[in-house]
Protein chains: 4
Amino acid sequence: MSKDPQPIHPRKIEIVHAAVTCFLERGYHQTGVRDIAKQAGVSLGNLYNHFKGKEAVLAFIAEIEGEELSEFIDLLTEPDNPQEALERFIDDYAAYVSRPENALLGVEILTEALRNPMIAEVFGRNRSRLIDAVASCLREGSKSGSFTSYDDERAVACMILDSMEGHGLRSLSKNNIGENAMRTLHAFLLNGLEP
Amino acid sequence: MSKDPQPIHPRKIEIVHAAVTCFLERGYHQTGVRDIAKQAGVSLGNLYNHFKGKEAVLAFIAEIEGEELSEFIDLLTEPDNPQEALERFIDDYAAYVSRPENALLGVEILTEALRNPMIAEVFGRNRSRLIDAVASCLREGSKSGSFTSYDDERAVACMILDSMEGHGLRSLSKNNIGENAMRTLHAFLLNGLEP
Amino acid sequence: MSKDPQPIHPRKIEIVHAAVTCFLERGYHQTGVRDIAKQAGVSLGNLYNHFKGKEAVLAFIAEIEGEELSEFIDLLTEPDNPQEALERFIDDYAAYVSRPENALLGVEILTEALRNPMIAEVFGRNRSRLIDAVASCLREGSKSGSFTSYDDERAVACMILDSMEGHGLRSLSKNNIGENAMRTLHAFLLNGLEP
Amino acid sequence: MSKDPQPIHPRKIEIVHAAVTCFLERGYHQTGVRDIAKQAGVSLGNLYNHFKGKEAVLAFIAEIEGEELSEFIDLLTEPDNPQEALERFIDDYAAYVSRPENALLGVEILTEALRNPMIAEVFGRNRSRLIDAVASCLREGSKSGSFTSYDDERAVACMILDSMEGHGLRSLSKNNIGENAMRTLHAFLLNGLEP
DNA sequence: TATGAATGAGAGTTCATTCAT
DNA sequence: TATGAATGAACTCTCATTCAT
């Protein structure tokens, strides 16, 4: 429930930053622990003083990513105007997942979560929080008549997230989609929610 | 346009099957070339007689996956009834991506394509074909008045694919979504396309 | 004593040429049997129909190199004028070992002969023939008063050969020696032999 | 000019010794990195903590061989009596190259230098130093009237080195040359230099 | 003769992690 | 906390050679 009560050693943060840099550049599996240590300017042995192992570093990153979701979740929770809140969320989250580091790290964590329980645990927790927040906003909106009512709001929430994250991922490759793709996406989603 | 004129050596197919099995079980990077050879019942050296290397195996798998898309593309191309075609596609493609092997392999190939040019080339080609087919179907539908018209049909197409594939991926994890999630998805998409 | 009575299969010659090309380019150990077969445009299996193995190819090359020495040996054997013959030999052999293919192959065979008995046998036999020829010429020359007499003509012969071959080897690298180095060498050798 | 300021890890030296032993026994290409590690009593992974790779080990050996040349170079540099210095050098260097380990390693390094730039660099540097020293001694000697003057002292220097090293190489094989060959060589060289 | 699939040992190198200092 | 030497299994890939066709 409570966040880390004890302050985080600055070295640990440096290591995480280095790891993020490496994972973005080469990917999780292609990155060696040595690479991270070198990038962080830390000895190999000392890295293991701060993290139990390589996957603990990724788990920590996933944890941090989870914290970054809080602002989105706040936006969606108990909104005065669900439609306005959702539109704002779509714009903000689109901007978030369009930053390459977020898109890349996100897919890296997702794929690792598919087989690595330690990562799956953190990833699943974060994911649930976000889906719940969007779903609850949809429910609020449908109650107040702003949105069509759907049986399974979580499914719709997932779809919204998937499509935005998919967009973010696509913006990484050269076969880029038109600039106003996001606008179209936004319009489509609202259109689908219109009562 | 033309497929490989020379027949594919049966051993090559066995190796691919073995590789798929391994990649599904452990993931691409966690699978060793030895694992594939052993699974295929083939000597390590002989594997290299059939494939230039590990990534060539994955590229070949991606190629095969691409061929499997053809039936979907046929479905969407020059349809008599665009709406019917799209609905049919949504159902069929949903079933396709809900099979774990397709969902898992798909994300494996996608993530590898992010950094591996050889994989990116095959993956990008396949992806484009599918997006184009969906987008062209949307365009036909909007011309005939079945669908709302969108500026950027490819963006909508991507969204449709992303949301279905995201669903397929989610169905892998235990935190499963409700069974009728797919139905909700279907409804939402059609709702968004309704003129 | 007798040369190959049976004619050599033309394919065998092609393989040898290919092998020479490869050995020059990459060196004996860095060249694979596959490389040779590919270079020769011959199947891997068929190469083994013509040669017992990789080292048999090198041995055959060494044999051929040995045959090329015959003209030099003829030059030196029972000469009318030993001094003239030796000078002619020095010029001709200098030209021979200055051709990169001869210099490179020579050192390749020499080093392999250090540890490979099969190669050592061929190489040693060739070497002896040449040393003997030069030594006998020196002996003739000293008898007729053209040359100083040395206790050990074979040692002098070796020295003459070594210095010329060393020169050939050096001409391979960029740190090239002056163009008239060979002339200096020639002068020095004759000076050392002058009675 | 300055040697490694940081001390060399003793393990590194052990590895080099082991590598020398292996290279002498089997040759550079026939020796595996595992062989070196085993011979050194070091784990395979740890060898790579001390050397970037196999060729780095050979380069290091070449470097050490280069350092051993310093005493010869000192002998030849600014000598009070060039002739005496050269004669002393010929004797000492003959003894040096007649030790099997020096002869074998020398030719191993030479042949590797033919195609491996990393080795070529070290080898070429060492070689130049020695040639320059001999050539400068010859030049001094010719100025003081002890030696005949030659246009290209470096060419003569090369010849002297080649013939001695060739002698060393030959002393490895069973087809041994007479014991007093070296004496003959010495006499010949001085004879050729006599004014 | 000719083919190229098949073999499996072995190549050089990197891996995540531990441990003595 | 901090270091980097040490480990040995695992990595991808190549090797010379054989064999069924």
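Residues numbered from 1 in each chain as written. Chains lettered and ligands numbered in written order. Predicted model: local features only at pLDDT ≥ 70, side-chain atom pairs only at ≥ 80, totals over all residues. Heavy atoms only, no water.

For the rest of this paragraph, the subject is the overall build of chain A. In terms of regular secondary structure, chain A is built from 10 helices and zero strands. Counting only C-alpha atoms, chain A reaches 60 × 45 × 25 Å along its principal axes. Within chain A, contacts between residues separated by at least 24 positions form 68% of all contacts whose residues are at least 6 apart in sequence. Per element, the accessible surface of chain A, about 9500 Å² overall, is 49% carbon and sulfur. Each charge sign in chain A was given a centre, from 20 positive and 30 negative side chains, and these centres are 8 Å apart. (Helix = DSSP H or I, 4+ residues; strand = E, 2+ residues; numbered from the N terminus. Contact = heavy atoms within 4.5 Å. Areas by Shrake-Rupley, 256 points an atom, 1.4 Å probe, with all protein chains shown as cover. Lys, Arg positive; Asp, Glu negative; His and termini not counted. Charge placed at Lys NZ, Arg CZ, Asp CG, Glu CD.)

We now examine the protein's contact with DNA strand F. As a matter of local geometry, DNA strand F sits amid 35 residues, with Leu44 of chain B together with Arg11, Asn46, Asn49 and His50 of chain D nearest to it. Here DNA strand F approaches the protein such that, of its atoms within 4 Å, sugar and phosphate make up 54%. Measuring from a base nitrogen of DNA strand F, one finds a side-chain N or O atom of Asn49 of chain D at 2.7 Å. Where the surface near DNA strand F is concerned, the elements lending two or more residues are helix H3 (44–50) of chain A, helix H2 (33–40) and helix H3 (44–50) of chain B, helix H2 (33–40) and helix H3 (44–50) of chain C together with helix H3 (44–50) of chain D. Residue composition of the surface near DNA strand F, by class: eight nonpolar, 19 polar and eight charged. (Near = heavy atom within 4 Å. Polar contact = N/O pair within 3.5 Å; in protein donor to acceptor, adjacent residues only side chain to side chain. Nonpolar A, V, L, I, M, F, W, Y, C, P; charged D, E, K, R; others polar.)

Glycine aside, a negative phi is what most residues show, and trans is what most peptide bonds show. Residue and element names in this part refer to chain A. Despite not being glycine, Glu78 has its phi angle at roughly 45°, a positive value. Relative to the elements of secondary structure, Glu78 occurs in the loop between helix H5 (70–76) and helix H6 (82–98). Judged by relative accessible area, which is 70%, Glu78 ranks as exposed. (Buried < 20%, exposed > 50% of the residue type's maximum accessible area, 1.4 Å probe, protein only.)

Here we take up the interface of chain B and chain A. Listed by partner, the interface residues are 48 residues for chain B and 46 residues for chain A. Taking both partners together, chain B and chain A bury about 3400 Å²; carbon and sulfur atoms supply 63% of that area. Of all residues in chain B, the largest losses of buried area upon contact with chain A belong to Arg115, Met159 and Phe188 of chain B, amounting jointly to 22% of the total for that side. One can count four salt bridges joining chain B with chain A. A salt bridge links Glu108 of chain B to Arg115 of chain A, with the shortest nitrogen-to-oxygen separation between them at 3.1 Å. At the surface where chain B touches chain A, the tally comes to 16 residue pairs in polar contact (both at pLDDT 80 or more). At the level of elements, helix H1 (10–26), helix H7 (100–115), helix H8 (117–143), helix H9 (153–170) and helix H10 (181–193) of chain B are the ones that each hand at least two residues to the side of chain B that touches chain A. If one sorts the elements of the side of chain B that touches chain A by residue count, H9 of chain B sits on top with 11 residues. (Buried area = accessible area lost by both parts, 1.4 Å probe. Salt bridge = Lys/Arg side-chain N within 4 Å of Asp/Glu carboxyl O.)

Before going further, it helps to examine the pattern of salt bridges. As enumerated under the stated definition, the model contains 52 salt bridges over all chains in all. Taking the shortest distance from any N to any O, the salt bridge between Arg11 of chain C and Glu14 of chain C comes out at 3.5 Å. Within this pair, Arg11 of chain C and its partner Glu14 of chain C are both found in helix H1 (residues 10–26), separated by three residues, close to a single helical turn. Taking the relative accessible area as the measure of exposure, Arg11 of chain C reaches 30% and is therefore partly exposed. With its nearest N and O atoms 2.7 Å apart, the salt bridge here joins Glu165 of chain C to Arg127 of chain C. Pair noted here: Glu165 of chain C is in helix H9 (residues 153–170) and Arg127 of chain C is in helix H8 (residues 117–143), with a separation of 38 residues, a long-range link. One salt-bridge network, in which partners are shared between bridges, spans Arg127, Asp162 and Glu165 of chain A together with Arg170 of chain B.

A few words on a negative patch on the surface. Judged by side-chain charge, Glu67, Glu68, Glu71, Asp74 and Glu101 of chain A come together as a negatively charged surface patch. If you list the elements that add at least two residues to the negative patch, you get helix H4 (54–68) and H5 of chain A. (Patch = residues over 30% accessible without salt bridge, like charges linked within 9 Å, V, L, I, M, F, W, Y side chains within 5 Å.)

What follows deals with the domain arrangement of chain A. Residue and element names in this part refer to chain A. Taken as a whole, chain A is organised into domain 1 (1–51) and domain 2 (61–191). Between the C-alpha centres of domain 1 and domain 2 there is a distance of 27 Å. Contacts between the two partners involve eight residues from domain 1 and, on the opposite side, eight residues from domain 2. Regarding the contact of domain 1 and domain 2, the summed buried area is about 720 Å², with carbon and sulfur atoms giving 76% of it. Joining domain 1 to domain 2, the criterion identifies zero salt bridges. On inspection of domain 1 and its partner domain 2, the count reaches two residue pairs in polar contact (both at pLDDT 80 or more). Of the residues in the side of domain 1 that touches domain 2, the class split is six nonpolar, two polar and no charged. (Domains from an automatic or database assignment.)

Attention now goes to the relation of the copies chain B and chain A. Each of the two copies of the chain can be brought onto the other by a rotation about an axis and a shift along it. Its rotation angle being 180°, the transformation that places chain B on chain A also includes 0.0 Å of axial translation and leaves an RMSD of 0.1 Å. Taken together, the rotation and translation relating the two chain copies correspond to the operation of a two-fold axis. Closest approach to the rotation axis within chain B is made by the C-alpha atom of Gly192 of chain B, at a distance of 1.8 Å. Interface overlap between copies is the fraction of interface residues in one copy that are interface residues in the other; for chain B against chain A it reaches 96%, indicating a shared surface. (Least-squares fit on C-alpha atoms with pLDDT ≥ 70 in both.)

What follows covers the packing of aromatic side chains. To describe a pair of aromatic rings, one takes the distance between the centres and the angle between the planes. In the structure shown here, the tally under the stated rule is 34 aromatic pairs over all chains. Judged by centre distance (5.5 Å) and plane angle (45°), the ring pair of Tyr150 of chain A and Phe188 of chain B falls under tilted. Taken as a pair, Tyr150 of chain A in the loop between helix H8 (117–143) and helix H9 (153–170) and Phe188 of chain B in helix H10 lie in two separate chains rather than in one. When the centroid spacing of 5.2 Å and the interplanar angle of 75° are considered together, the rings of Phe23 of chain D and Tyr28 of chain D count as edge-to-face. Owing to a relative accessible area of 1%, Phe23 of chain D belongs among the buried residues under this scheme. Overall, the relative accessible area of 4% leaves Tyr28 of chain D in the buried class. Taken together through their ring pairs, the aromatic side chains of Phe72, Phe89, Tyr93 and Tyr96 of chain A make up a single cluster. In this structure, Lys12 of chain B packs its charged tip against the face of Phe51 of chain B, placed 5.1 Å from the ring centre. In this structure, Lys54 of chain D is placed above the aromatic ring of Tyr28 of chain D, and the distance from its NZ or CZ to the ring centre is 4.6 Å. (Phe/Tyr/Trp six-rings, centres within 6.5 Å; stacked < 30°, edge-to-face > 60°. Lys NZ or Arg CZ within 6 Å of the ring centre and 35° of its normal.)

In the vicinity of DNA strand E, 36 residues are found, and the nearest of them are Arg11, Arg34, Asn46 and His50 of chain B together with Lys54 of chain D. Within 4 Å of the protein, the contacting atoms of DNA strand E are drawn from sugar and phosphate to the extent of 52%. Arg11 of chain B is positioned such that a nitrogen or oxygen atom in its side chain is 2.6 Å from a phosphate oxygen of DNA strand E. Within the side chain of Asn46 of chain C, an N or O atom sits 2.9 Å from a phosphate oxygen of DNA strand E. Within the residue set of the surface near DNA strand E, elements represented by two or more residues are helix H2 (33–40) and H3 of chain A, H3 of chain B, H3 of chain C together with helix H2 (33–40) and H3 of chain D. It is H3 of chain B that contributes the most residues to the surface near DNA strand E, five residues altogether. Taken together, the residues of the surface near DNA strand E sort by class into eight nonpolar, 20 polar and eight charged.

A few words now on H8 of chain C. For H8 of chain C, spanning 27 residues, the distance from its first C-alpha to its last is 37 Å, which sits close to the expected 39 Å at 1.5 Å a residue. Where H8 of chain C terminates, the next one or two residues include Gly145 of chain C, which has phi positive at roughly 85°. (Expected span 1.5 Å × (residues − 1).)

This paragraph deals with the arrangement of the chains. At the C-alpha level, the nearest point of chain A lies 29 Å from chain C, with no contact between them. Between chain B and chain D there is no contact, and the shortest C-alpha to C-alpha distance separating them is 20 Å.

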